[in-house]
Amino acid sequence: MLAPTTVKPTPGPREDTISPERVREIFWNDIRFISAINVLGLPGAVVPVTLHKGRPIGVQLIAGRYREDLALDAASAIEKRAGTLVRQLWEQMS
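These lines cover the structure that appears in this document, whether it is placed above or below. (Residues numbered from 1 in each chain as written. Predicted model: local features only at pLDDT ≥ 70, side-chain atom pairs only at ≥ 80, totals over all residues. Heavy atoms only, no water.)

1. Description of the nonpolar core
Right, on to step 1. If you look at the biggest cluster of nonpolar residues, it comprises six residues: A45, V47, L61, A63, A71 and A75.
Right, on to step 2. Those elements that place two or more of their residues in this core are β1 (44–52) and α2 (68–82).
Right, on to step 3. If near-sequence neighbours (up to four positions away) are discounted, A71 is found in contact with P43, G44, A45, L61 and A63. (Core = buried A, V, L, I, M, F, W, Y, C linked by side-chain atoms within 4.5 Å. Buried < 20%, exposed > 50% of the residue type's maximum accessible area, 1.4 Å probe, protein only. Helix = DSSP H or I, 4+ residues; strand = E, 2+ residues; numbered from the N terminus. Contact = heavy atoms within 4.5 Å.)

2. Some remarks on the environment of I26
Right, on to step 1. Position of I26 relative to the elements: it lies in helix α1 (residues 20–40).
Right, on to step 2. For the pair I26 and E15, spaced eleven residues apart in sequence, the C-alpha to C-alpha distance is 8.3 Å.

3. Structural notes on the pairing of β1
Right, on to step 1. The pairing of β1 with strand β2 (residues 55–62) spans eight bridges and is antiparallel. When the sheet's bridge partners are listed, T50 is paired in β2 with I57. (Pairing = 2+ DSSP bridges.)

4. Let's talk about the pattern of salt bridges
Right, on to step 1. According to the stated counting rule, one finds three salt bridges in the structure shown.
Right, on to step 2. Across the pair R24 and E21 runs a salt bridge whose closest N-O atoms are separated by 3.6 Å. Here R24 pairs with E21, and both are found in helix α1, just three residues apart, close to one helical turn.
Right, on to step 3. With a shortest N-O distance of 2.7 Å, R67 and D69 are connected by a salt bridge.
Right, on to step 4. Residue class for R67 comes out partly exposed when judged on its relative accessible area of 35%. (Salt bridge = Lys/Arg side-chain N within 4 Å of Asp/Glu carboxyl O.)

Written as structure tokens, this is what we have:
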């Protein structure tokens with residue numbers, strides 16, 4: 001069974017410098033889910049696929065243990081289809 005899809009706004013590139021409260025909010029709303037994947041030793045990849053109101057929307061991929069190849073192959077396939085947004089994202093940060 002697939003996990004439900006959740007679209008959440010992406011924190012800005014310097015959101016963690018706003019205040020200690022903002023750091024806690026980012027951790028409890030976003031990072032805690034990523035940490036569980038790391039603790040389980042599962043490889044993952046994130047691919048930005050589009051921009052919405054200047055913020056990236058991406059796909060998070062999680063593969064089975066020791067299957068980094070699957071995560072990277074899937075990320076590459078998505079990037080080929082969606083295009084590469086890295087240049088646009090870097091331009092926004094400068």
